[in-house]
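# Structural description and commentary
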Amino acid sequence: MAPLKSLEARYPLLDSNFQSFCASNGIFTVEDFLLHDLSVLTAFAEQQPNSDRLKEGITQLLSIIDRQHQPWLNGLQLLEDARQNKHVLSTGFEEIDKLLGGGVREGQLTELVGPSSSGKTQLCLRVAANVAIQHVGRVIFMDTGNSFSPRRIEHFIHQISDSVLSEKVMSNILCYSTFDIFSMFDVLQQLENSLKSQGPKGDCKVQMLIVDSISSLITHVLGGSGPQGHALMTAAGFLLKKLAHEHNIAVLVTNHMVAGEGGTLKPALGESWKSIPHVRLLLSRDPGNKISNISILKHPSLASGEVARFVIDD
Amino acid sequence: MGVRGWIDGDESGREMLSRVLTERPYLHLPPFQKFPLRVGNVVELVGPSPCAKTHILMQAAIDCILPKHCGGLGHLVLFIDLDCRFDILRLSQMLRNRIFQANENKSNDDEELFLECMKRFLYIRCYDTLEFLATLKTLHYKLQKERQAQGISVNFLMIDSIGAFHWIDRASTSLRLGFDNRKALSLHNVYATVVQEIKKLLLLHPMLVIASKATILGSRYAANAGKWDRNLRTLCSPNSAVSSVTKKVHQFMYREYMPSIWQSFVTLRILIQASDVHISTDKNHNKSVYLSQWLMPPVSFVDSFIVNDVGVFCVS
């Protein structure tokens with residue numbers, strides 16, 4: 001956060017006298033100010049010769065930090081935002097859409113967990129193709145394991161619709177190869193910057209962000225006794241949720257499964273990650289046939305445990 | 001202040017009684033119904049995600065924003081969303097169902113009531129610790145403004161969930177240059193400030209604080225999950241000896257990770273947990289049963305409840 005010195009040009013109340021008063025209380029930046037007890041600071045200011053001006057400075061700083069949180073909204077404003085901006089994107093599978101009340105929601109982080117070869121990547125590719133066609137939106141696909149297949153996408157496009165130009169649809173699906181969490185942060189921050197500067201009137205709106213798989217980026221940094229790995233994981237989760245909410249993007253991430261208590265499979269990334277996604281879906285495939293099962297493990301408005309069965313065609 | 005003013009006191013016994021009685025926000029929903037809550041209490045809901053913590057907060061919020069003639073408290077609610085997972089559609093759906101139920105026999109205007117209640121729900125989301133601190137620091141002004149604008153005061157302050165930035169705060173190792181009295185942005189300092197700010201707010205604006213907390217350290221929980229399910233099955237069978245069951249429930253542990261300054265700030269603590277047991281309700285829907293137990297004050301009785309379209313309900 002900004003040092004007080006850098007604010008002087010814009011806010012003349014925060015002059016060198018105010019700065020040296022703050023410095024004597026251990027406050028050099030706005031961040032320091034956030035950690036400080038203001039009643040103590042005001043009491044100190046009252047003992048100073050020019051107390052009125054110092055107190056005005058404190059009020060000025062307070063109005064600066066008042067702009068550093070998100071705006072307060074009442075229930076009606078929230079509801080209006082949800083109705084106008086947070087659309088439900090169809091996945092292209094009737095059964096899944098029915099299960100989820102229409103599909104995946106913009107503004108939410110949806111997590112798809114499943115054992116290896118349960119069809120997570122296929123489902124992601126198919127949903128990407130469907131969103132690019134049906135919703136004429138841009139899809140960003142972050143590929144962490146070289147599993148993105150343009151051919152497969154093209155195949156799905158033809159399957160969904162014969163009449164669309166596959167080149168045009170393909171140009172709306174952007175693939176980024178990311179092999180570690182830091183390059184994911186890079187891509188996400190670039191995306192955030194471009195979305196901010198572009199504003200809501202961009203030529204083609206980003207509607208979906210897919211990270212396949214997020215667990216392969218995070219498991220590397222977890223482990224060890226330090227909290228740094230978990231901090232990176234939490235920060236990634238919050239950045240994804242911020243992008244989703246502020247820019248009305250549906251975020252879809254995949255997670256693998258590991259052996260848990262008694263040999264049963266459980267989603268990777270542990271307890272701390274569990275509280276991050278809005279929706280958690282479990283994908284599994286019946287042995288011997290092509291039928292996939294998808295069930296709700298967690299959802300903000302739907303009961304967990306409901307199951308849908310669907311088939312991803314070859 | 002003169003001596004006489006000091007002798008006269010601030011209010012009479014009758015005034016105090018009427019204030020205290022109205023300031024007792026009684027919540028009829030599980031898991032709160034066992035204890036009379038007071039403004040100034042800090043209630044913590046602990047449990048592994050997902051265990052209906054946010055649902056309980058939503059229903060408590062609805063109880064607060066509904067007017068008195070619909071069985072509510074008619075006050076404002078502040079909801080600070082640190083998890084950034086709040087679903088307003090779910091809240092509005094629950095509220096509509098509640099209003100529909102309350103107005104079944106009357107010809108009141110549901111829509112107007114709905115709009116009035118939704119305006120009483122005040123929401124903010126914070127994407128990091130600094131935003132959270134900035135929110136708390138400027139909350140006093142927000143509360144004053146709302147009190148003037150709407151003419152009613154805030155009764156509940158909800159935080160969902162308090163440990164959301166735990167790992168980020170714990171890993172923050174910013175070294176401070178400058179004087180010795182400069183505070184570092186450490187886990188302890190952050191929560192010392194959070195507690196201090198809420199304490200100052202409570203002096204000026206008496207509120208009930210309800211904070212949810214996800215159990216993010218899960219090793220012991222996993223080892224004990226089975227025990228809970230077995231306990232519940234014995235609990236559900238008609239001839240079970242309740243005393244032996246409740247003894248076992250005490251073995252359920254969760255690992256505390258919040259700084260001690262927050263822990264000592266909490267006055268009431270409830271543990272919530274999902275169970276493997278489902279009960280069938282109407283329309284052939286199976287609802288999973290959740291369990292709640294008071295840890296502070298320690299009560300050995302376990303409540304079970306379910307979540308449906310209208311809200312949280314006790315099952316016995």
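Counting restarts for each chain: residues are numbered from 1 in the order of the written sequence. Chain A is the first chain written and ligand 1 is the first ligand written, with later ones labelled in order. Side-chain atom pairs in this predicted model are given and counted only at pLDDT of 80 or more, local residue features only at pLDDT of at least 70, and totals for whole chains, interfaces and linings cover all residues.

When its secondary structure is counted, chain B shows twelve helices and nine strands. Buried positions account for 42% of the 316 residues belonging to chain B. A fraction of 72% describes how many contacts in chain B between residues 6 or more apart in sequence connect residues 24 or more apart. Runs of H or I in DSSP of at least four residues are treated as helices and runs of E of at least two as strands, each being numbered from the N terminus. In this scheme every C-beta is placed from the backbone, and a residue whose C-beta has 20 or more other C-beta atoms within 10 Å is buried, one with 12 or fewer is exposed, and one in between is partly exposed. This entry defines residue contacts through backbone-placed C-beta atoms, with two residues in contact when those atoms are within 7 Å.

What follows is about the sheet that holds strand β13 (residues 307-311) of chain A. Residues and elements named next belong to chain A. Strands qualify as paired when DSSP identifies two bridges or more between them. The eight strands are arranged β6-β5-β7-β8-β4-β11-β12-β13 in an open sheet whose pairing can be described as mixed. Each edge of the open sheet is held by one strand with a lone partner, namely β6 (173-177) and β13. The average angle at which neighbouring strand axes cross in this sheet is 20 degrees, direction not considered. The pairing of strand β12 (residues 291-298) with β13 spans five bridges and is antiparallel. Pairing of isoleucine 294 across the sheet is with alanine 308, part of β13. To get an axis, a line is fitted to the C-alpha atoms, and for a helix only the part in contact is used. The angle between two axes follows their N-to-C directions and goes from 0 to 180 degrees. Packed onto the sheet, helix α8 (residues 120-134) meets β4 (109-113), β5 (138-143), β6, β7 (206-212), β8 (250-255) and β11 (279-285) and runs at close to 170 degrees relative to β7.

Another point: the interface of chain B and chain A. At the junction of the two partners, chain B supplies 53 residues and chain A supplies 45 residues. Broken down by secondary-structure element, the contributors of at least two residues to the side of chain B that touches chain A are α4 (88-102), α5 (110-119), β3 (121-125), α6 (129-137), α8 (166-171), α9 (187-204) and β7 (286-296) of chain B. Across the side of chain B that touches chain A, the residue classes tally to 26 nonpolar, 13 polar and 14 charged. Summarising the sheet, strand β1 (residues 73-74) of chain A and β3(B) pair through two bridges and their orientation is antiparallel. Its bridge partner lying in β3(B), A:Asn74 is registered against B:Leu122. All residues other than Ala, Val, Leu, Ile, Met, Phe, Trp, Tyr, Cys, Pro, Asp, Glu, Lys and Arg, Gly among them, are scored as polar; the first ten of these are nonpolar and the last four charged.

Turning to the domain arrangement of chain A, a few remarks are in order. All domain edges in this entry derive from an automatic or database-based domain assignment. Domain assignment breaks chain A into domain 1 (12-68) and domain 2 (78-311). Computed over C-alpha atoms only, the centres of domain 1 of chain A and domain 2 of chain A are separated by 45 Å.

Turning to the environment of B:Asp169, a few remarks are in order. Residue and element names in this part refer to chain B. Mapped onto the secondary structure, aspartate 169 falls in helix α8. Distance from aspartate 169 to aspartate 128, taken between C-alpha atoms, is 9.3 Å for residues 41 residues apart in sequence. Those residues in contact with aspartate 169, other than ones at most four positions away along the chain, are Thr129, Leu187 and Val190.

Attention now goes to the sheet that holds strand β1 (residues 42-47) of chain B. Strand order in the open sheet formed by ten strands is β1(A)-β3(B)-β2(B)-β4(B)-β5(B)-β1(B)-β6(B)-β7(B)-β8(B)-β9(B), with mixed pairing between adjacent strands. Pairing within the sheet leaves two strands with one partner each, and these edge strands are β1 of chain A together with β9 (312-315) of chain B. Where strand β6 (residues 268-280) of chain B meets β7(B), nine bridges bridge the pair, whose relative direction is antiparallel. From the neighbouring strand, B:Gln273 faces β7(B), where its bridge partner is B:Leu291.

All names here are of chain A. Between helix α11 (residues 181-198) and helix α13 (residues 228-246), whose axes approach to 11 Å, the crossing angle comes to 25 degrees. Overall, the two elements α11 and α13 adopt an arrangement that is roughly parallel. Between α11 and α13 lies a crossing whose hand is left-handed. Counting all contacts with α11, which are made through Ile181, Met184, Leu188, Leu191 and Glu192, the residues of α13 involved are Leu232, Ala236, Leu239 and Leu243. Reported orientations rely on four angle classes, namely roughly parallel under 35 degrees, roughly antiparallel over 145, roughly perpendicular from 65 to 115, and oblique for the rest. Here is the rule for handedness: rotate from the far helix to the near one, and if that takes an anticlockwise turn smaller than a right angle the crossing is left-handed, while a clockwise turn gives right-handed.

Residue and element names in this part refer to chain A. Spanning 15 residues, α8 covers 21 Å between terminal C-alpha atoms, matching the ideal 21 Å at 1.5 Å per step. Burial runs high along α8: 13 of the 15 residues are buried. Positioned one or two residues after α8, valine 136 has a phi angle of 45 degrees, which is positive. Expected span of a helix: the number of residues minus one, times 1.5 Å.

Residue and element names in this part refer to chain B. In the contact formed by α6 and α9, the axes pass within 10 Å of each other and the chain directions differ by 20 degrees. On the basis of their axis angle, the class for α6 and α9 is roughly parallel. For the pair α6 and α9, the sense of crossing is left-handed. Of α9, the residues touching α6 (which contributes Thr129, Leu133, Leu136 and Lys137) are Val190, Thr193, Val194, Glu197 and Ile198. By residue class, the composition of the contact of α6 with α9 is five nonpolar, two polar and two charged.

Here, a nonpolar core denotes buried Ala, Val, Leu, Ile, Met, Phe, Trp, Tyr and Cys residues that are linked to one another through C-beta atoms within 7 Å. In terms of nonpolar packing, the biggest core is built from 156 residues, with A:Ala128, B:Ala61, B:Val77, B:Phe156 and B:Met158 touching the most fellow members. Of the residues forming this core, the biggest block, nine residues, is contributed by α8(A). Counting only domains with at least three residues in this core, you end up with domain 1 (12-68) and domain 2 (78-311) of chain A. Excluding its chain neighbours within four sequence positions, the residues that come into contact with B:Phe156 are B:Ala60, B:Ala61, B:Cys64, B:Val77, B:Leu78, B:Met207, B:Leu208 and B:Ile210.

What follows covers α9(B). Counted at 1.5 Å a residue, the expected span for α9(B) with its 18 residues is 26 Å, and the 26 Å between its end C-alpha atoms agrees. Among all positions in α9(B), only B:Leu187, B:Val190, B:Tyr191, B:Thr193, B:Val194, B:Glu197 and B:Leu201 are buried. An end-on view of α9(B) places all buried positions within 155 degrees of arc, on one side of the element. Buried positions along α9(B) lie against α3 (30-35) of chain A together with α6, α7 (139-150), α8 and α12 (260-263) of chain B. For this quantity, the arc is that covered by the directions from the helix axis to the C-beta atoms.

Okay, the pairing of strand β4 (residues 154-160) of chain B next. All names here are of chain B. Within β4, seven of the seven residues are buried, which leaves the element mostly enclosed by the surrounding structure. Pairing between strand β2 (residues 76-81) and β4: six bridges, direction parallel. When the bridges of β4 are listed, phenylalanine 79 appears paired with methionine 158.

On to unusual backbone geometry, then. Excluding glycine, residues mostly have negative phi values, and the peptide bonds linking residues are mostly trans. The peptide bond linking A:Asp212 to A:Ser213 adopts the cis configuration, its omega dihedral lying at -5 degrees. With respect to the helices and strands, the residue A:Ser213 is situated in the loop between β7 and α12 (214-218). The linkage connecting B:Asp160 with the following residue, B:Ser161, adopts the cis geometry, with an omega of -10 degrees. Here B:Ser161 shows up in the loop between β4 and α8. Look at A:Ser117: it is not a glycine, yet its phi comes out positive at around 55 degrees.

Let's shift gears to the environment of B:Leu201. Residue and element names in this part refer to chain B. Among the structural elements, leucine 201 can be located in helix α9. Leucine 201 sits 65 residues away from leucine 136 along the chain, and the two C-alpha atoms are 8.6 Å apart. Those residues in contact with leucine 201 that lie beyond four places of it in its chain are Leu139 and His140.

A word on the pairing of β5(A). All names here are of chain A. Extensive coverage of β5 is indicated by the burial of five of its six residues. Of the pairings in the sheet, the one linking β5 to β7 comprises six bridges and is parallel in character. Each bridged residue has a counterpart across the sheet, and for valine 139 the counterpart in β7 is methionine 208.

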